[in-house]
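Close look at the chain arrangement
Here is how the chains run, residue by residue.
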Amino acid sequence: SDVKMNVCALVLALVLAVCAARSPYQAVLQHSRIRGRQQGPNVCAMQQIIGSDKKYFTNCKQWYHRKICGKPTMTTYECCPGYERIPGEKGCPAALPLMNIYNTLGGVGATTTQLYSDRAKLRDEIEGPGSFTFFAPSDKAWAALPTEILDALVSNVNIELLNALHYHMVNRRLTSEELRHGSSFASMYQGFHVHIHHYSNGVVTVNCGRLIKPDQHATNGIVHVVDRVITAISNNVQTLIDVEDDLETLRTAIAAAGLTTMLENEGQYTIFAPTNEAFEKIPPETLNRILADPVALRDLLNYHILKQMQCAESIVSGTPMETLQGTTLEVGCDGDQMTLNGKAIITKKDQLGTNGVVHYINELLIPDSAKTLLELAEGSSVATATRLFVEAGLSPHLTGSEALTMLAPLDDAFRGSLTMTPDMKKLMANHILKEQMSSKSLYHGQELETVGGLKLRVFVYRNNLCIENACIAAHDKTGRFGSMFTVDSVLTPPMGTIMDVLKADDRFSLLVGAIQTAGMTELLNQQGALTFFAPTNDAFNALPKAELNKLMRNRQELTDVLRYHLGEGLLVSGGLGSHTRLKCLQGDKLELGLRNYTVYVNKVPVAATDLMATNGVVHAVHRHCLDSGAPKVDREQADGPAAPLRSASSSRVRH
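Here the structure is a predicted model, which means the values were calculated and not measured.

**Focus: the domain arrangement of the chain**
- On domain assignment, one finds that the chain holds domain 1 (23–94), domain 2 (99–226), domain 3 (240–365), domain 4 (371–487) and domain 5 (498–621).
- A straight line from the C-alpha centre of domain 2 to that of domain 4 covers 60 Å.

**Section: the sheet that holds strand S25 (residues 465–467)**
- Read from one edge to the other, the open sheet built from 4 strands follows the order S23-S24-S25-S26, with strand pairing classed as antiparallel. Each edge of the open sheet is held by one strand with a lone partner, namely strand S23 (447–449) and strand S26 (470–471).
- As defined by bridge partners, strand S24 (residues 455–460) adjoins S25 across 3 bridges and the pair is classed as antiparallel. Residue pairing for S25: Val-458 is matched across the bridge by Ile-467.

**Quick look at the pattern of salt bridges**
- Applying the stated rule across the entire model yields 24 salt bridges.
- Where Arg-22 meets Glu-177, a salt bridge forms, and the shortest distance between an N and an O atom there is 3.0 Å. Of this pair, Arg-22 sits in the loop between helix H1 (2–20) and helix H2 (24–36) while Glu-177 sits in the loop between strand S8 (169–170) and strand S9 (184–186), and the two are 155 residues apart along the sequence.
- By relative accessible area, which is 61% here, Arg-22 ends up exposed.

**Regarding the state of the cysteines**
- Counted under the stated rule, the structure contains 5 disulfides.
- Each sulfur of the disulfide joining Cys-69 and Cys-333 lies 2.0 Å from the other. With the S-S dihedral at roughly -95°, the linkage between Cys-69 and Cys-333 falls on the left-handed side. With Cys-69 in the loop between strand S3 (67–68) and strand S4 (71–79) and Cys-333 in strand S17 (residues 328–334), this residue pair connects regions lying 264 residues apart in the sequence. By the burial criterion, Cys-69 is buried, and Cys-333 matches it.
- The residue that forms a disulfide with Cys-466 is Cys-471, at a sulfur-sulfur distance of 2.1 Å. Since a negative S-S torsion denotes a left-handed disulfide, the Cys-466-Cys-471 link at about 95° is right-handed.
- Here the disulfide map of the chain reads 1-4, 2-8, 3-5, 6-7, 9-10, the bonded cysteines being numbered as they appear in the sequence.

**Let's talk about unusual backbone geometry**
- With a phi angle near 60°, Lys-121 is a residue other than glycine that sits in the positive phi range.
- Tracing the sequence through the fold places Lys-121 in the loop between helix H5 (111–119) and helix H6 (123–127).
- Notably, Asp-610 is not glycine yet its phi reads approximately 60°, a positive angle.
- Positionally, Asp-610 belongs in strand S34 (residues 604–613).

**Some details on the pairing of strand S12 (residues 209–218)**
- By the criterion of burial, S12 is predominantly enclosed, with 7 of the 10 residues buried.
- Pairing of strand S11 (residues 204–206) with S12 involves 2 bridges; the strand directions are antiparallel. What sits directly across from Val-206, in S12, is Gly-209.
- From the end of S11 to the start of S12, which pair antiparallel, there are 2 residues, and Asn-207 there has a positive phi angle of about 50°.
- In this structure, S12 lies alongside strand S13 (residues 221–226), joined through 5 bridges in antiparallel fashion. Along S13, the bridge assignment pairs Ala-218 with Gly-221.
- Hairpin connection of S12 to S13: 2 residues between the antiparallel strands.

**Observations regarding the nonpolar core**
- Phe-135, Leu-179, Val-194 and Val-206 are the most contacted members of the largest nonpolar core, which totals 29 residues.
- Ranked by the residues each element gives to this core, the list is headed by H2, at 3 residues.
- Sequence-distant contacts of Leu-179, that is, excluding residues within four places in its chain, are made with Phe-135, Leu-174, Phe-185, Ile-196, His-198, Val-204, Leu-211 and His-224.
- Counting 27 residues, the second largest nonpolar core, distinct from the first, contains Ala-110, Phe-132, Ala-164 and Leu-165.

**A few points about the environment of Met-495**
- With respect to the helices and strands, the residue Met-495 is situated in the loop between strand S28 (483–487) and helix H20 (498–503).
- Among the residues examined, Met-495 registers a relative accessible area of 60% and is labelled exposed.
- Expressed as a C-alpha distance, the spacing of Met-495 and Leu-211, which sit 284 residues apart in the sequence, is 71 Å.

**Some remarks on the packing of aromatic side chains**
- In the structure shown here, the tally under the stated rule is 4 aromatic pairs.
- Between Tyr-25 and Phe-57 the ring centres are 5.9 Å apart and the planes differ by 70°, which places this aromatic pair in the edge-to-face class. With a gap of 32 residues between them, Tyr-25 in helix H2 and Phe-57 in strand S2 (residues 55–57) connect regions that are remote in the sequence.
- In this arrangement the basic side chain of Arg-66 is found over the ring face of Trp-63, its NZ or CZ atom lying 4.5 Å from the centre.
- Note that Arg-210 overlies the ring of Tyr-56, its terminal NZ or CZ placed 3.9 Å from the centroid.

**Description of the UniProt feature "domain: FAS1" (unreviewed entry) in the chain**
- Under the feature "domain: FAS1" (unreviewed entry), the UniProt entry names residues 95–230, 234–365, 369–491 and 495–625.
- Along residues 234–365 one finds 32% helix and 28% strand; the C-alpha atoms at either end are 29 Å apart.

**Regarding helix H17 (residues 383–391)**
- Residues of H17 that are buried include every one of Thr-384, Ala-385, Thr-386, Leu-388 and Phe-389, and no others.
- The inward-facing, buried residues of H17 contact helix H16 (373–378), helix H18 (395–399), strand S21 (405–409), helix H19 (422–429) and strand S22 (432–433).
- At the C-terminal side of H17, Gly-393 shows a positive phi close to 75°.

**Looking at the environment of Glu-78**
- Within the fold, Glu-78 resides in strand S4.
- We classify Glu-78 as partly exposed; its relative accessible area is 22%.
- Beyond its immediate sequence surroundings of up to four residues, Glu-78 is in contact with Asn-42, Val-43, Cys-44, Met-46, Lys-55, Arg-85 and Cys-92.

**Regarding the side chain of Ser-176**
- Tracing the chain through its elements places Ser-176 in the loop between S8 and S9.
- A polar contact is formed between the side chain of Ser-176 and the side chain of Asp-215, at a distance of 2.6 Å.
- When near neighbours in sequence (up to four residues on either side) are disregarded, Ser-176 contacts Tyr-25, Gln-26, His-198, Pro-214, Asp-215 and His-224.

**Details of the sheet that holds S17**
- Across the sheet, 3 strands lie side by side as S16-S17-S18; this open sheet has antiparallel pairing. This sheet does not close on itself; its edge strands, each paired only once, are strand S16 (319–322) and strand S18 (337–340). For this sheet, the mean angle separating the axes of adjacent strands, direction not counted, is 30°.
- Direction of pairing for S16 relative to S17: antiparallel, over a ladder of 4 bridges. Following the sheet pairing, Met-321 is matched in S17 by Leu-329.

**Focus on helix H25 (residues 555–564)**
- Where H25 is concerned, the buried positions are Leu-558, Thr-559, Val-561, Leu-562 and Tyr-564.
- Buried-residue contacts for H25 involve helix H21 (509–518), strand S29 (530–535), helix H24 (545–553), strand S30 (566–568) and strand S32 (590–595).
- Its side-chain oxygen 3.2 Å from the backbone nitrogen of Gln-556, Asn-554 forms the N-cap of H25.

**Section: the side chain of Lys-371**
- Of note, Lys-371 is situated in the loop between strand S20 (356–361) and H16.
- With residues near it in sequence (within four places) discarded, Lys-371 still touches Arg-289, Ile-366, Leu-376, Gly-479 and Arg-480.

Reading guide: rules and limits
- All residue numbers refer to position in the chain's written sequence, counted from 1.
- Where totals are concerned, whole chains, interfaces and linings use all residues; where local detail is concerned, this predicted model gives features only for residues with pLDDT of at least 70, and gives and counts side-chain atom pairs only at 80 or more.
- Derived side-chain values reflect all non-hydrogen atoms in the structure, with water molecules and hydrogen atoms excluded from consideration.
- Those domain boundaries reflect an automatic or database domain assignment.
- DSSP bridges decide pairing: two strands pair if at least two such bridges lie between them.
- Strands here are runs of E lasting at least two residues and helices are runs of H or I lasting at least four, both read from the DSSP assignment and numbered beginning at the N terminus.
- Throughout this description, the term salt bridge denotes a Lys or Arg side-chain nitrogen within 4 Å of a carboxyl oxygen of Asp or Glu.
- Whether a residue is buried, partly exposed or exposed follows from its accessible area with a 1.4 Å probe, protein chains only, as a fraction of its type maximum: under 20%, in between, or over 50%, in that order.
- Cysteine sulfur atoms are paired as a disulfide whenever they come within 2.5 Å of each other.
- We call a set of buried Ala, Val, Leu, Ile, Met, Phe, Trp, Tyr and Cys residues a nonpolar core when their side-chain atoms join them within 4.5 Å.
- Contact between two residues is taken to exist if any of their heavy atoms lie within 4.5 Å; hydrogens are not considered.
- Put simply, two rings from Phe, Tyr or Trp (the six-membered ring, in Trp's case) pair if the centres are within 6.5 Å, and we call them stacked under 30 degrees between planes, edge-to-face over 60, tilted for the rest.
- In our convention, an over-ring charge means Lys NZ or Arg CZ found within 6 Å of a ring centre and within 35 degrees of that ring's normal.
- UniProt positions are given in the numbering used here, feature names are shortened, and annotations may be inferred rather than shown by experiment.
- N or O atoms closer than or at 3.5 Å make up a polar contact, with two conditions inside protein: a donor-capable atom paired with an acceptor-capable one, and, for residues adjacent in sequence, both atoms drawn from side chains.
- Working convention: axes come from line fits to C-alpha atoms, limited for helices to the stretch in contact. Angles between N-to-C directions cover 0 to 180 degrees.

What follows is the structure in C-alpha cells.
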C-alpha cells in the first residue's frame, strides 16, 4: 500500500503540476522534473537522440515512445534550469549564483557568444545596468555558420558583428512564459523584430531557432540559449517567393490563382514551396490542365499552405496539419529531415518571412480535388480496373469535365481472363454513374443511371452500403469533376427476373422444373425484392430418389419447400453481418452467417453468391436448407434488409 500511496502522490503531484504549469514549455519542464525526481532535487530528465547531441525536455508521449523524429532516444539527467550540483550531495540542491549576462553566457555553454560580445565591445552593455533578454546562440550554432558569413561578421566587428548580436537582444526581461506563440518583439538592432513561436509540445523558437536552454536568469536580465544564429527578416513570404529563381513556376501559379495579395497580408503561413524541378516532374498535360483551371489551381496551391506557422524545429513526430485547401498533410520528421506524408521531399527549411515560413520541396503535392477521375484511380489501389477502363475506351469520360462517379473494384475482385471484349466494354461502362455523388448521400432503394444506360439499385444494410452486388470498400475520393467509390466486387448488373436468371443457368434445370410444377413461375417473374437460396441440380440429386419423387408429386409440399428457400427483401452477400436473419415466405427464419469468406445459410455453405435479378438476387446452394421436421411459423420481425424495392426494370419483357 506504500507503493500505492506513492503512485497516488505522484499522480496528484503531476495533476497539480500540470494545472499550475502555465505555458506548454513549463508543462514539459514540469514533466521532466517529475521524471528526474528520483535522481535527487532539481534534476530534470532529458531525452537525447542517440548519436547526436540534440536534447529535449520530455513530454509524456516522447517518454513512452522513446523516439524523437523516428530516432531512438536515451534518457540523460541534468540540473533543471537555475540549479547546480554540489560535490558529495545528491541531485542539484544549489541555486545557481546570479551573475550579469556576460558572465552567465560562460556558465550556460555560450562561450563563443561571450567571446564575440567581448570583441564587438558589447561587454560593457551586458555587464552594466538595465534589463535585457539575450537569445544566445550555442557554440555549435556559431560553428554551423558558413565560413564566409562568419568571416565577414568577425572581420567587421564594430558594425556587422555588433548588429548581429544586437539582433539577438530585446531591451527587457522576457521569460519563456512571456514568449507567447505568434508574438514578436523589437530587437536592439534598428527595431527589427524577432518572431516567437511557442508550440503545444513545449518547443519554443525565435525566428525558427529552438530555445535549447530557456530561462537562464541573470542579475540584469535573462539568457535563452538557441540552436542557431538568427538574422533579421524584413520581407513577407510573397517577396521571398518573388526573389527566388528556383520558385519561378510557383510565382506564376500563385499570380494566376489570385493568391498574391493573401501572401502579402498579415498571417502566420507555412508554405511548402514546390521548386521549378517539382513542377517539371508532372506530366505536361496534367500541369497545363490544372494551370488553365482556376478552381483546381487554387486547390493545388492551398494544399501546399498550412493554417499555422510550423518551424522545422517544432516537429518531433508526425502530425496531421490542416491546409488552406481543407484537407490535412502529415508533417513529420525523420532524423534531421522534415517529411511530408512520410516522404523526405523538403530540400530547404525555415526561410522566414514576416508573415510566415517557406520550406522548399522537390515534389508537387496534387490534392484529390484537383484530379480527374483517371488520376484519382491511378493514385489508388485499383490498377486492374484503371487498365480496363482505359482499354474499354472510357478515357474521354475519365479525363474530361463531366460530373461522374466511378465504381472501381479492388484488384482482387477480378477473376479469370480479362481480355477486352464487347461485353467487357459494356460492363466497364456500367461502372460509371452519370452524376458526381457522395456515398454519404445514397439511400436505400435509390436508382443510379450508368453511362452504359443501365439503372443500378442502392441497398443500405446495417454494416454496408452496396450498389447491386458491389459494396463500398473505402472512403470516397472526390476529384475536380468526378468521385471515385472503391468497391469490393465487380458489378453484375441484373439481366432479367429471378426466373430468367435460373433459366439461363444449367445448374438450375431441375429447380426450374420444380418451380413450374409448383406453379410459382409468376411469383419469380413479378416485381419485388426476394432473396432466393436456389438449390442446384446437385441439391436435388442428393435427395433419396423416393423422397424426391414424392416431393415432386405433392404440389403443396413442393411449394412449401421452395418458399422456405425464399427470403423477403434483397440481401446481397456484402450486406451480411456475422449473424443475420432473413424472414422466409414460409416457415421459420433463415439463419445466415459468414465464416472465412463463405456465406452459410442454416449451416449450409452457399456455392455461388450474388446472381443479380431485376426483382431479387439468387444465391446457389448444393444442399436443401430445410430443417428436418415441419416448418415452424414465427411472427417475430426479421432483421434483414429494408422493405422490398420496386424492381429496377419492371418494363422488361418477360420470357
